Amino acid sequence: MKRLLQKSIVYVLIASLVSLASPAVAQAQMIGTLTGLRAVERDANLAKVSAVLARAEVRDQMKALGVDATLVEARLAALTDAELSQLAQNIDSAPAGGVLAVIGVVFIVLLILEAVGVIDIFKKFP
Amino acid sequence: MIQAPRGASAPLVLGSEPRAVRSAFYSFFTLVLLALTGCATHRNALDPTAVAHLPRRVELTDTPFYPQEAYQCGPAALATVLRSADVAVTPDELTPEVFLPGRKGSLAVELIAATRQRDRLAYRLDPDPRAILEELAAGRPVLVMQNVALKIVPTWHFAVVIGYDLDAQTFTLRSGTIERLVMSTRGFLRTWDLADRWAMVALKPGELPATPDMHKYMTAAAELEAIGRLEAAKQAYETAREQWPNSAWPVLGLANVQHAGGDLRGAEESYRAALAIEPDNIVANNNLAELLLARGCLDEARAFAARALKHATGTPLEQATLSTVTKLEQATPRSEAECR
C-alpha cells in the first residue's frame, strides 16, 4: 500500500513536470524588432572586421607579430555586440591611407588583437 | 572595453603577450602616437565646409532652465530636453527614476529609459559635433554628457546644448546652476570627447531628427516597442516607413506592433509587405511562420520558417528560428479547412 502511494506520487510529479515543460515548447517564438535590428548590426560589424582581417597587408602584419589570423577570426565570434561595435567604430576612426598607411595597418592589427584579448596595451588606468 | 588612445593618454600596460608583439608595439608606438595626436586636434575642429549650409548662429532661448540641486544634473538636463519635446515633467519627478544617490549621479542608460517611458524616442546622435549643430539649427536642444575633469579621474556631467556661434567659436549650454554657460568650441569638444561624444535628442514619435539615420531611428523606435509603448512605437514606425519606403524594417516593426496588439490580420498583411521589400528578412519570415502556425496553415508556415532558418544560420537569430522550425515539425497536421 505504501509502495503504491509512493509510486503514484512519483507519477503525479512526472506528469506535472512534463506539463510544466510543454507550454514553453508551444510558446510563440516571435522575434522583436529590436532583437532583429541588433542581429543585423552585429552581422554588419562582423563583416566589416572580417573584411579588414582578410586584407593581405593585415595578414602579413599579423604573421610578423607571430599571431595566427585564423585564431583571431575564431575569437571574433566570441565578442559581445557592444565589443564588436566598439571595434568596428575604432577601425573606422583609425588613421589610414596616405603616408600613414603602414601605421594604420599596424594600428588596426593592434586594435583587433586587443579586442580579442591576445594583447592588452590599450587598457585604461584602473 | 577598448578605447583608441587619443594623444598621450594611452598607458603602457604590457602583459604576457608574445615578445614579437611587444617589440613591434614599442617600435611603432611613437609613430602611432604622432599620427593620433594629429588626428585628435583635427577631430576637435569643425569642418567649415560641412557646416556651410547651417545658420552662423543659433540660440534656443525658449528652452526652459532648471537649476540643478546638488549633483542632480541628470534629472535637470533630461527635464529640459523632455520639456522641449512637449513632455510636462519636472526634474523632481524624474529624480527617483534617474538619480542614483549612492553614485551621486545618473547613468546615460537611465536617461534613455526615462525618455522612453514618456513615449519619446531617445535618439543618439553621431559622435560628430556637426550632428549637434544640425539638431540645434532644427530647433532641438541636445542632451550631452561631458567629462569635466581628467580622463583618468572622470567627473561626469549632463548638460543641454542650446546654441552655437560659428563666428565666435562658442557653444551655449544650460548647465548645472548656470542658465547660460558659454564655452569655447575647443573647450566644449574636449569635455565631450572625454565622455565618448555621447549626445541625444528626445523626439516625438511623429518627428524625425535633423539628419535621420534609418538604423538609429529604428533602434530608438524598437526600444519603445520592447518596453510595450506600442502606440508610440507604431507612430514612429509609420514615420519611418514614409522616410524609408524601400526598407523592410519600418513595415516589419509595424507588423510586430500589430501582432502584439492582437491585430493578427493586419500583422499578417504587414509581414507580407515587409517580405515583398526584402524576401530574405529573417525576422519577417520567422514571425510570419509563427503567425501562420497559430492559424493552422502549416505548409505555408514551414516554407517561411525554413527560409528564416536558412538565412539565420550563424547569426544570433539562429536559435529562435530553429525553435520555430522544430515547433512546426512537431505540430500535428490539421485539416486544411482550419487554415483560413
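Throughout, residues of each chain are indexed from 1 in the direction in which the sequence is written. In the order they appear in the text, chains get letters beginning with A and ligands get numbers beginning with 1. Per-residue local features are limited, in this predicted model, to residues with pLDDT of at least 70; the limit for side-chain atom pairs, both in listing and counting, is 80 or more; totals at the level of whole chains, interfaces and linings are taken over all residues. As a rule here, side-chain values cover all heavy atoms of the structure and leave hydrogens and water aside.

## Observations regarding the packing of aromatic side chains
All names here are of chain B.
For step 1, the next point in the chain: Pairing of aromatic rings covers Phe, Tyr and the six-membered ring of Trp, with a centre-to-centre limit of 6.5 Å; geometry is then stacked below 30 degrees between planes, edge-to-face above 60, and tilted otherwise. With the rule as written, the count across this model stands at 4 aromatic pairs over all chains.
For step 2, the next point in the chain: Ring centres of Phe188 and Trp192 lie 6.2 Å apart, and the angle between their planes is 15°; this geometry places the pair in the stacked category. Residue Phe188 and its partner Trp192 are both found in helix α6 (residues 185-193); the two are separated by 4 residues, about one turn of the helix.
For step 3, the next point in the chain: By relative accessible area, which is 0% here, Phe188 ends up buried.
For step 4, the next point in the chain: Its relative accessible area of 0% is what places Trp192 among the buried residues.
For step 5, the next point in the chain: Measuring from ring centre to ring centre gives 5.9 Å for Tyr217 and Trp244, while their planes differ by 50°; the resulting arrangement is tilted. Taken together, the residues Tyr217 in helix α7 (residues 214-226) and Trp244 in the loop between α8 (230-243) and α9 (248-260) connect sequence positions 27 residues apart.
For step 6, the next point in the chain: A relative accessible area of 0% means that Tyr217 is categorised as buried. Numbered from the N terminus, helices here are DSSP runs of H or I no shorter than four residues, and strands are runs of E no shorter than two. Each residue gets one of three labels from its accessible area relative to the maximum for its type: buried under 20%, exposed over 50%, partly exposed in between, using a 1.4 Å probe on protein chains only.

## What to know about unusual backbone geometry
A negative phi angle is the norm for most residues apart from glycine, just as the trans form is the norm for most peptide bonds.
Residue and element names in this part refer to chain B.
For step 1, the next point in the chain: The phi dihedral of Asp119 is positive, around 60°, even though this residue is not glycine.
For step 2, the next point in the chain: If you trace the backbone, Asp119 turns up in the loop between α4 (108-117) and β2 (121-124).
For step 3, the next point in the chain: Despite not being glycine, Arg197 has its phi angle at roughly 55°, a positive value.
For step 4, the next point in the chain: On the secondary structure map, Arg197 appears in the loop between α6 and β7 (199-203).

## Focus on the nonpolar core
For step 1, the next point in the chain: One finds Ile132, Leu143, Val144 and Phe188 of chain B to be the most contacted residues of the largest nonpolar core, which totals 102 residues.
For step 2, the next point in the chain: Per-element accounting of this core gives the leading share, 8 residues, to helix α11 (residues 282-295) of chain B.
For step 3, the next point in the chain: Residues are treated as being in contact if the distance between any of their heavy atoms lies within 4.5 Å. For Phe188 of chain B, the contacting residues outside a window of four places in its chain are Ile132, Val144, Gln146, Val161, Phe171, Leu173 and Met183 of chain B.
For step 4, the next point in the chain: Think of a nonpolar core as a cluster: buried Ala, Val, Leu, Ile, Met, Phe, Trp, Tyr and Cys residues, connected wherever their side-chain atoms sit within 4.5 Å. One finds Val52, Val58, Leu65 and Ile112 of chain A within the second-largest nonpolar core, a separate group that totals 23 residues.

## Looking at a nonpolar patch on the surface
For step 1, the next point in the chain: Nonpolar side chains (Val, Leu, Ile, Met, Phe, Trp, Tyr) are joined into patches within 5 Å and like charges within 9 Å, using only residues with over 30% relative accessible area and no salt bridge. To be clear on the numbers: accessible area is Shrake-Rupley with a 1.4 Å probe, and residue cover counts the displayed protein chains and nothing else. Salt bridges, as used here, are contacts in which a Lys or Arg side-chain nitrogen is within 4 Å of a carboxyl oxygen on Asp or Glu. There is a patch of nonpolar side chains on the surface, built from Leu150, Ile152 and Val153 of chain B and spanning about 300 Å² of accessible area.
For step 2, the next point in the chain: Assignment of secondary structure puts Ile152 of chain B in the loop between β3 (142-147) and β4 (156-165).

## Observations concerning the pairing of β7 of chain B
All names here are of chain B.
For step 1, the next point in the chain: Across the 5 residues of β7, 5 count as buried, placing the element largely inside the fold.
For step 2, the next point in the chain: The alternating pattern of β7 places Ala199, Val201 and Leu203 on one face and Met200 and Ala202 on the opposite face, and all of these are buried.
For step 3, the next point in the chain: By the convention used here, strands pair only if DSSP detects at least 2 bridges between them. Relative to β7, β2 is paired through 4 bridges, and the arrangement is antiparallel. Note that in β7 the partner of Arg124 across the bridge is Met200.
For step 4, the next point in the chain: Bridge analysis of β3 against β7 gives 2 bridges, and the strand direction is antiparallel. Opposite Leu143, over in β7, you have Met200 as the bridge partner.

## Examining the confidence of the model for chain A
All names here are of chain A.
For step 1, the next point in the chain: This prediction gives chain A a mean pLDDT of 73; 63% of its residues lie at or above 70.
For step 2, the next point in the chain: Across the chain, each position has a pLDDT score giving the predictor's confidence in that residue, from 0 to 100. Element-level mean pLDDT values for chain A span from 58 in helix α1 (residues 2-26) up to 88 in helix α2 (residues 33-54).
For step 3, the next point in the chain: In this model, residues 21-26 is a region of pLDDT below 50 whose contacts with residues beyond four sequence positions or in other chains number 3 contacts.

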